[in-house]
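Residue-level structure breakdown
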Amino acid sequence: MNTIYWFQQTAYPVLAVLQLLPLAGALLTGYLRTRPFAPMIGRAVALLVLLVAIDLYRMLDKTHAALQMTEYQPLIGPFVYHAAADGVTVLFVLLAALLTFLLTLYTAARRLDAPGQLVAVILLLEAVLMSLLVTADLLWFVIVSALELGLAGYLSWRWATTPERGLALLRFYQFQGTGLLLLFAGTLMLGWHFADSAGYWSFDLADLTKVSYQGPLATVIFYLLFYGLAVRTPLFPFHGWLPLVAHRGNVAIAPAFLLGVKVGLYGLVRFVFPILPQAVEKWHAYAVAFAVAGVFYAAFLAFQQQNLRRLMAFAVVSHTSLVVIGLFSLERTALQGALLLAVNFGLAATAMLFMIGFVYNRTNTTELSRLGGLFDRIPYISIAFLASGLAIIGMPGTPGFDAAHMVLEASIERFGALLTVAAAVGNVAAAGFLLYAFQRAFLSPAPAGVDLDTIDRSKPMELLVAVLVLAVLLGTGFYSEPWMVLTDAPMQALGTHFEHTGIVSH
Amino acid sequence: MDALPLLTLLILIPPLGAALMALLARHETARLVALLTVAADLVLSLWLVAGFDPASGRFQWVEQRPWIPTLHITYMVGVDGISLLFLPLTALLFAGIIIASWNSVRVMPRLYYALLLLQLAATLGIFIAIDTILFFLFWEVSLIPLFFLVSLWGVGPERRHAANKYTLIMLSGGVPLLFGFLLLAFNHASGASLAIPQGLSFDLPTLLATPLAPELELAVFALLFLGFAVKTPLFPLHSWLPVMAMEGPVAIVATLTGLKLGAYGLLRFAIPLAPHAAHDLRWLLIGLAVIGILYGAVAALAQTNLRRMLAYSSMSHVGLVVLGLASFSLQGVQGAVLQLLNFTIVAGGSFLLLAMLRHRTGSTDTADLGGVVHSMPLLAMLFLLLGLAGMGVPGTSGFPAELLLLLSILKTHTGAGMAALFGMVIGAGYFLSLYRRAFLGPAHNPAVIHGADLLPRERWLMALVAVLVLLAGFAPSWVIDLIAPAAQGWAARLG
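Residues numbered from 1 in each chain as written. Chains lettered and ligands numbered in written order. Predicted model: local features only at pLDDT ≥ 70, side-chain atom pairs only at ≥ 80, totals over all residues. Heavy atoms only, no water.

Comments concerning the overall build of chain B
Rule in force here: Runs of H or I in DSSP of at least four residues are treated as helices and runs of E of at least two as strands, each being numbered from the N terminus. Every radius of gyration here is taken over C-alpha atoms, with the globule rule written as 2.2 Å times N^0.38, N being the number of residues. Classification of residues uses two cut-offs on accessible area relative to the type maximum, computed with a 1.4 Å probe and protein chains only: under 20% is buried, over 50% is exposed, and between them is partly exposed. Note that accessible areas follow from Shrake-Rupley with a 1.4 Å probe, and for residues the cover is restricted to the protein chains shown. By the counting rule applied here, Lys and Arg register as positive and Asp and Glu as negative, while His and the ends of each chain are not counted. Charge positions come from single atoms, namely NZ of Lys, CZ of Arg, CG of Asp or CD of Glu.
For chain B, the count of helices and strands is 24 helices and two strands. Relative to the globule expectation of 23 Å for 495 residues, the C-alpha radius of gyration of chain B, 22 Å, shows essentially globular dimensions. Reported as C-alpha extents along the three principal axes, the dimensions of chain B are approximately 75 × 60 × 40 Å. Counting all 495 residues of chain B, 66% fall into the buried class. As displayed, chain B offers around 16300 Å² of accessible surface, 70% of which is attributable to carbon and sulfur atoms. In chain B, which carries 23 positive and 20 negative side-chain charges, the distance between the mean positions of the two groups comes to 10 Å.

See below:
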């Protein structure tokens, strides 16, 4: 495979800029953190990053399946800087840039304490996240993952809304630490195996895909990597940290990063699927079995929740499982659909978190029994909440529909109608609890002791966030073709790994 | 064919009107703009009717554009004789809703009208979509405005529960529907021995021309039938209808009883796409239809509230439509289309009258009524006229429809036809007995005694409805001729 370097395609190393620009922005905002205009600078940088991401989308050769815009620099021994992008990368980069920008707007609307510092941490997290998305080196991915999780934990703890934030942080680090350890072990085994056959150590994606992994070795590595990523996805039964973090941490900021950009799923597609196709194929039924159990388990628990934030956490576990079913259908359309679904869920879940945050701003609670009647006071926030809920259940007209459609199509072929119908029914269950929550919080009469007139009307900044979110959801929902094109070539290439078992011949 | 994309315009005008609502400050202007938007749609749909070639049984005014090229999903719309007349009647019904709820929308009027217009666009979309996925889009999207309309402006104390229940039942019904459409697309791919997604096809004319293996056809029909039966509603999937009739805003419920979208789905998609399976399963169709006719009629007999009575009676009537479809004959399908059109006027119009009545008296329960005819003679007369048209009395629009339906059924399934006749007799019984209790006799409720009769705007609306009822009753041949070519094509698939 001949490498396509960045200077063959662009005038500037766009991937490096994507990582360094938010980093510089973070340092600047952090330095000026006490000045009143610091958050403003942060927002400008976030917008600039979004523009660079759009420029990356523009410059990418979408017909090409291979990684492009490569930047390569050996550092110490086997540790190299290797950044590259394909359609999938660009899709996630766009999402991450958009979410960060919306987050900076959101923090302005929420008026949290230490705003300068907050925006600095958000930008730092964005830089780390971008690095995570554009790297083509597994070791780099693992190390940056550790950084990202550390930062996300800090963010959740520092701006938490409840006194139990210490417990939430502890659980978060325990779970994620275990996941990272598994991931690291799997990575080392891959590198070792490569060193065994090639004579030198490397964790580069291009190198690791050259060797084939057979038998128990492949199985062990697959499960190490899969479980490692499953913790952060989160996939049932590794989701234990999520309800705590969602409920006891802050409302939207850390969860937006953890749930909005589904790095766990991205890691599966970027590294695990191409490196270990045989093992993935061998064990895909187990992954799907976990996922189907997850759809129902989480939907069932979501029905029991009395708190909007916990309910949201279980909704995420439920819908993430649907994405996993799509990925492990191992067929081009399903892979494509699953990626789009992951991005849609990320966007929709973040939008919903934002709206929950705006509600929390007014009520200081997210207990459903203490909410009610908000629709009259904040109709736009309510409608954005419902629209994101509908996107989560894959309503036609939202980006979730086309994506879910593709996943279901492939899943019928691979696993039969029964399992697919079950997954779709699980999705309707999700519709049930989201509608229920919406009715309780926004439409039912206000509970005794709550004076609706004291609830503030929507502020311009909140309206801006709500309208932007709505526009992106509906815009990509009715016109999903660009995103399909973006993932078409890479997923076709990835699909060929599994072609001989698939029903489809190209 | 015209160069202007008229059908697209038809579904674009209402959302534009809805967007305009955000700019209007006053309640009165919002209401007027909403009415003008609907009127524009009505005029446009009449223009479509005027330009329609009645001799052709094919889809006309067809527009096809790529929508999701990767999956071969297209934006494809068109109308034939079966769907054409639903367009002006739907627009008229929505105009009626705005007029009937003229002064009863007190909270958030702009949102109310915006949602109503979106609902109109989605409903028209259901009638003109001939790509299965586009149809599904409109089918599901129409739930959202209704969810809000019922939750926020419903009249019953359980309105939020009713809205949840309805939306969830309809979403569950959407699952088999989507799978049915997917199966058809898969079948097209394997029939053309093309890979997925290159070989997928979702547009109705192509799918109609694609042969289907018997066992697959059975599965497709079962899935589509289940999906549409929920909406129709067929017994035992009807439990949402009486709840919605009581809890929803009275004028809005007119869209549920007036527009029988489930039966339209059976007519347009389920039966033509899987004709042999439909033929094999006709015992199921006929059985459920007969149970629906009798169950609805007996349940209507037991009601004391006019809205519940109309809900059950619409269930009974739609059973007759399904029965007509299950005769798989030309008269059957002509009668079915005619009856569905008749419902839009009669069942929709009756509910609008009840909305007006409830606005004046605060109730539609016979216990609170009685003697309405003294203070509101026009309203009472019109309700009687629409009731008689619902029973199929000669001279009203119901007569040719029911005659065609009964003829076709008695010819093919005599037993079921007798049961349907019996159901119609009960129908006359419950309507007249409830009418007597609610409208005749002495008035005792002060709200009834001092109630004002129809206002000029309501009078104009209902006069138009009455003219349509009588016109279709005395001169039905024009409508029947318009339906005939498409209906012949429909019946030929099953021959």
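Some remarks on the overall build of chain A
Stated formally: Any pair of residues with heavy atoms lying within 4.5 Å of one another is described as a contacting pair.
The helix and strand inventory of chain A stands at 19 helices and two strands. Relative to its length of 506 residues, chain A is compact, with a C-alpha radius of gyration of 22 Å against a globular reference of 23 Å. In terms of overall dimensions, chain A has C-alpha extents of about 70 × 55 × 40 Å along its principal axes. Residues classed as buried in chain A amount to 65% of the 506 residues present. When contacts within chain A are restricted to residue pairs at least 6 apart in sequence, long-range pairs at least 24 apart make up 82% of them. Carbon together with sulfur atoms contributes 67% to the accessible area of chain A, which is approximately 16900 Å² in total. Looking at charge distribution, chain A has the averaged site of its 26 positive side-chain charges lying 12 Å from that of its 26 negative ones.

Some remarks on the packing of helix α8 (residues 215–232) of chain A against helix α11 (residues 263–275) of chain A
How two helices pack is summed up by the angle between their axes together with the distance between the axes. Residues and elements named next belong to chain A. The following threshold applies: The axes used here are C-alpha line fits, helices contributing only the stretch in contact, and every angle between their N-to-C directions lies in the interval 0 to 180 degrees. Each angle receives one of four descriptions, namely roughly parallel if under 35 degrees, roughly antiparallel if over 145, roughly perpendicular if within 65 to 115, and oblique otherwise. Just so you know the grouping, Ala, Val, Leu, Ile, Met, Phe, Trp, Tyr, Cys and Pro go in nonpolar, Asp, Glu, Lys and Arg go in charged, and all remaining residues, Gly too, go in polar.
Close contact between α8 and α11 brings their axes to 7 Å; oriented N to C, the two are set at 155°. In terms of their interaxial angle, α8 and α11 are classed as roughly antiparallel. Where α8 abuts α11, its residues F222, L225, F226, L229 and R232 lie against V263, G264, G267, L268 and V272. Residues of the contact of α8 with α11, tallied by class, amount to seven nonpolar, two polar and one charged.

Describing the interface of chain A and chain B
Put simply, the rule is: When a carboxyl oxygen of Asp or Glu is within 4 Å of a side-chain nitrogen of Lys or Arg, the pair counts as a salt bridge. What qualifies as a polar contact is a pair of N or O atoms within 3.5 Å, subject to a donor-acceptor requirement within protein and to the restriction that residues adjacent in sequence count only when both atoms come from side chains.
Taken together, the 41 residues of chain A in the interface contact 36 residues of chain B. Between chain A and chain B we count zero salt bridges in total. Linking chain A to chain B there are five residue pairs in polar contact (both at pLDDT 80 or more). Listed by contribution, the elements that provide at least two residues to the side of chain A that touches chain B are α14 (332–363), α15 (374–377), α16 (379–392), α17 (399–443) and α19 (481–496) of chain A. A total of 19 residues in the side of chain A that touches chain B trace back to one element, the largest contributor, which is α17 of chain A. Residue classes in the side of chain A that touches chain B are distributed as 23 nonpolar, 10 polar and eight charged.

Looking at the confidence of the model for chain A
All names here are of chain A. For clarity, the threshold we go by: Every residue gets a pLDDT, meaning the predictor's confidence in that residue, from 0 to 100.
The share of residues in chain A with pLDDT of 70 or more is 98%, and the mean pLDDT across the chain is 86. Within chain A, α17 has the poorest average pLDDT of any element, 80, and helix α4 (residues 115–134) the best, 93. Note on residues 501–506: pLDDT is under 50 here. Beyond four places in sequence and across chains, it has 11 contacts.

Section: the packing of helix α13 (residues 261–273) of chain B against helix α17 (residues 330–361) of chain B
Residue and element names in this part refer to chain B. Applied cut-off: Each helix crossing is assigned a hand: it is left-handed if the near helix lies turned anticlockwise from the far helix by less than a right angle, otherwise right-handed if that turn is clockwise.
Where α13 contacts α17, the axes come no closer than 11 Å and their chain directions differ by 150°. Between α13 and α17, the crossing angle belongs to the class labelled roughly antiparallel. Between α13 and α17 lies a crossing of left-handed hand. Mapping the contact onto sequence places A263, Y264 and L267 in α13 and V333, V337 and L340 in α17.

Quick word on a nonpolar patch on the surface
As a reminder, the rule being used: Surface patches are drawn from residues lacking salt bridges whose relative accessible area is over 30%; two like charges belong together within 9 Å, two nonpolar side chains (Val, Leu, Ile, Met, Phe, Trp, Tyr) within 5 Å.
Where nonpolar side chains cluster on the molecular surface, the patch consists of L47, L48, L51 and I54 of chain A and spans about 340 Å² of accessible area. Relative to the helices and strands, L48 of chain A resides in helix α2 (residues 38–59).

Things to note about the environment of T90 of chain B
Residue and element names in this part refer to chain B. Summarising the element assignment, T90 is placed in helix α4 (residues 86–100). Under the relative-accessibility criterion, T90 is labelled buried at 0%. In contact with T90, other than residues within four places in its own chain, are L120, T123, L124, F127, L259 and T344. A polar side-chain atom of T90 sits 2.5 Å from the main-chain carbonyl oxygen of F86.

Some points on helix α18 (residues 460–478) of chain A
An α-helical turn contains 3.6 residues, so a residue and the one three or four places further along point in the same direction. All names here are of chain A. Rules: How far a helix is expected to stretch is found by multiplying one less than its residue total by 1.5 Å. When we speak of the arc, we mean the arc of directions from the helix axis to the C-beta atoms.
Counted at 1.5 Å a residue, the expected span for α18 with its 19 residues is 27 Å, and the 26 Å between its end C-alpha atoms agrees. By the burial criterion, the buried members of α18 are E462, V465, A466, V469, L470, L473, T476 and G477. For α18, the buried positions fall inside an angular range of 155° around the axis, keeping them on one side. Next to the buried residues of α18 lie α3 (87–110), α14, α16, α17 and α19.

Topic: α14 of chain A
Residue and element names in this part refer to chain A. For α14, which comprises 32 residues, the first-to-last C-alpha distance of 46 Å matches the rise-based estimate of 46 Å (1.5 Å per residue) to within 8%. Burial within α14 is extensive, with 30 of its 32 residues counted as buried. Once α14 finishes, N364 follows within two positions and takes phi at roughly 60°, a positive value.

Side note on unusual backbone geometry
Residue P234 of chain A is bonded to the preceding T233 of chain A through a cis peptide linkage, with omega at -10°. Here P234 of chain A is to be found in the loop between α8 and α9 (241–248). The step from T232 of chain B to P233 of chain B runs through a cis peptide bond, and the omega angle for that step is -10°. With respect to the helices and strands, the residue P233 of chain B is situated in the loop between α10 (214–231) and α11 (240–247).

Some details on the pairing of strand β2 (residues 73–79) of chain B
Residue and element names in this part refer to chain B. Applied cut-off: Strands pair, by our definition, only if DSSP identifies at least two bridges between them.
Where burial is concerned, most of β2 is hidden: seven out of the seven residues are buried. A two-sided burial pattern is seen for β2, the buried positions comprising I73, Y75, V77 and V79 on one face and T74, M76 and G78 on the other. Alignment of strand β1 (residues 60–68) against β2, held across six bridges, turns out to be antiparallel. Bridging across to β2, R65 finds its partner in Y75. Between β1 and β2, which pair antiparallel and follow one another directly, the connecting turn spans four residues, one of which, H72, has a positive phi of 60°.

What about the packing of aromatic side chains?
Definition in use: The aromatic pairing rule takes the rings of Phe, Tyr and Trp, using the six-membered ring of Trp, and pairs them if the centres are within 6.5 Å, calling planes under 30 degrees apart stacked, those over 60 edge-to-face and the rest tilted. Counted as over-ring charges are cases with an Arg CZ or a Lys NZ within 6 Å of the ring centre that also lie within 35 degrees of the ring normal.
Evaluated as defined, the whole model comprises 55 aromatic pairs over all chains. Arranged with centres 5.7 Å apart and planes meeting at 65°, the rings of F181 of chain B and F269 of chain B form a pair that is edge-to-face. Of this pair, F181 of chain B sits in helix α8 (residues 159–191) while F269 of chain B sits in helix α13, placing them 88 residues apart in sequence. An aromatic cluster is defined as three or more aromatic residues linked by ring pairs; in this entry it consists of F222, Y223, F226, Y227, F238, F273, W283, Y286 and F328 of chain A. In this structure, K62 of chain A is placed above the aromatic ring of Y57 of chain A, and the distance from its NZ or CZ to the ring centre is 4.5 Å.

What to know about the nonpolar core
For soluble globular proteins, the rule of thumb is that nonpolar side chains tend to be buried together. Keep this limit in mind: Residues enter a nonpolar core if they are buried and are Ala, Val, Leu, Ile, Met, Phe, Trp, Tyr or Cys, with the set joined through side-chain atoms within 4.5 Å.
In terms of nonpolar packing, the biggest core is built from 399 residues, with F273 and F328 of chain A touching the most fellow members. Aside from chain neighbours lying at most four places away, what touches F273 of chain A is L268, V280, L327, F328, L330, L335, L494 and F498 of chain A.

Here's the deal with the environment of A222 of chain B
Mapped onto the secondary structure, A222 of chain B falls in helix α10. Between the alpha carbons of A222 of chain B and L285 of chain B there is a distance of 11 Å; along the sequence they are 63 residues apart.

Description of the confidence of the model for chain B
Taken residue by residue, chain B gives an average pLDDT of 90. The fraction at 70 or more is 99%. Both confidence scores are given for the complex: pTM 0.84, ipTM 0.71.

Points about the side chain of H188 of chain B
Examined against the element boundaries, H188 of chain B turns out to sit in helix α8. Residues in contact with H188 of chain B, not counting those within four places in the same chain, are G199, L200, S201, T206, L207 and T210 of chain B.

Remarks on the environment of G441 of chain B
All names here are of chain B. Tracing the chain through its elements places G441 in the loop between α21 (414–439) and α22 (446–449). Judged by relative accessible area, which is 37%, G441 ranks as partly exposed. Separated by 198 residues in the primary sequence, G441 and V243 have C-alpha atoms spaced 29 Å apart. For G441, the contacting residues outside a window of four places in its chain are G371 and H374.

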